[in-house]
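Chains, contacts and geometry: an overview
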Amino acid sequence: MLTTVTTAHDSTDAAVVVPVRVRDLLPRDLPACTWSGSATHLRHVERALARRAIGEVDYLAVCTPVDLPVAIGGIDYRTRRDAGTLWQLAVHPALRSCGLGTLLVRAAERRISERGLHIVELAVEEDNPRARALYERLGYAAYGRAPDAWDEEGPDGSTRRYETICVLMRRDLRMLAPTTGPAWARSSVRTTGTEPRR
């Protein structure tokens, strides 16, 4: 269901509400996730999906009513035995600042909690203050810094090693407020016809 609300009689600005839901990311979804990164990145996601079969990871997708992923992210249970580690979080560029990242993180936290774990960790690049601000708003606290590296695909298709410094962040899920029903898995996103806030 799509609802459009025009803000003024002769205005071109409108608010659009689109229901979304969170589910497991599936291999068949990958061709619709090219917005999340390069072919190299999608191969890493595909390998992560294979690890899900043996319980090492979960990989979630926030999907539109036509079942297209608009936000995706993984949870690795092998990085730390007593924690779930969020990684490869991505939101469709056209839908950033609409609450999808928050919905994805909260759904991942629920998944981690369902496994009986109480700690969620993640790493965010030092030069990504927007993402770090989101995690801080969601209750994550920095506890250190560490180098990180991964393969990155260039415009010419070549692969190079990308190296960076990340801020390590953590949240204790025992601080989660109780919820009722499956509201964490279903939500709606409001977008506007105006430029995104910077």
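Residues numbered from 1 in each chain as written. Predicted model: local features only at pLDDT ≥ 70, side-chain atom pairs only at ≥ 80, totals over all residues. Heavy atoms only, no water.

Some points on the overall build of the chain
Applicable threshold: Each helix corresponds to a stretch of at least 4 residues labelled H or I by DSSP, and each strand to a stretch of at least 2 residues labelled E; elements are numbered beginning at the N terminus. Exposed residues in this analysis have more than 50% of their type's maximum accessible area, buried residues have under 20%, and partly exposed residues fall in between, with area computed by a 1.4 Å probe over protein chains only. Each accessible area value is a Shrake-Rupley result obtained with a 1.4 Å probe; residue values ignore everything except the protein chains displayed when judging cover.
The number of helices and strands found in the chain is three helices and nine strands. Secondary structure elements in the chain, listed N-terminal to C-terminal, are β-β-α-β-β-β-α-β-α-β-β-β. The proportion of buried residues among the 198 residues of the chain is 39%. Total accessible area on the chain stands at roughly 11,500 Å², and carbon and sulfur atoms take up 53% of it.

Things to note about the pairing of strand β3 (residues 57–63)
Our working rule: Strands were regarded as paired on the criterion that DSSP finds at least two bridges between them.
Judged by how many residues are buried, β3 sits mostly within the fold: seven of seven residues are covered. Burial along β3 is two-sided: Val57, Tyr59, Ala61 and Cys63 and Asp58, Leu60 and Val62, pointing in opposite directions, are all buried. Sheet topology places strand β2 (residues 14–24) next to β3; four bridges connect them, and they run antiparallel. Bridge assignment links Arg21 to a residue of β3, and that residue is Cys63. With seven bridges joining them, β3 and strand β4 (residues 69–76) adopt antiparallel strand pairing. Across the sheet, Val57 pairs through a bridge with Asp76, a residue of β4. Once β3 ends, the chain turns through five residues before running back antiparallel as β4, passing Asp67 with a positive phi of about 70 degrees.

Describing the confidence of the model for the chain
Residues shown with low pLDDT carry predicted positions that ought not to be read at fine detail. The test is simple: One number per residue, pLDDT, summarises how confident the predictor is, and it ranges from 0 to 100. Two residues qualify as a contact provided that any one of their heavy atoms is within 4.5 Å of a heavy atom in the partner residue.
Overall, the predicted model of the chain reaches an average pLDDT of 86, with 83% of residues at or above 70. Counting interchain partners and residues more than four positions distant, the pLDDT-below-50 stretch residues 179–186 has eleven contacts. Segment residues 190–198: pLDDT under 50, and 16 contacts once partners within four positions in sequence are set aside and those in other chains are kept.

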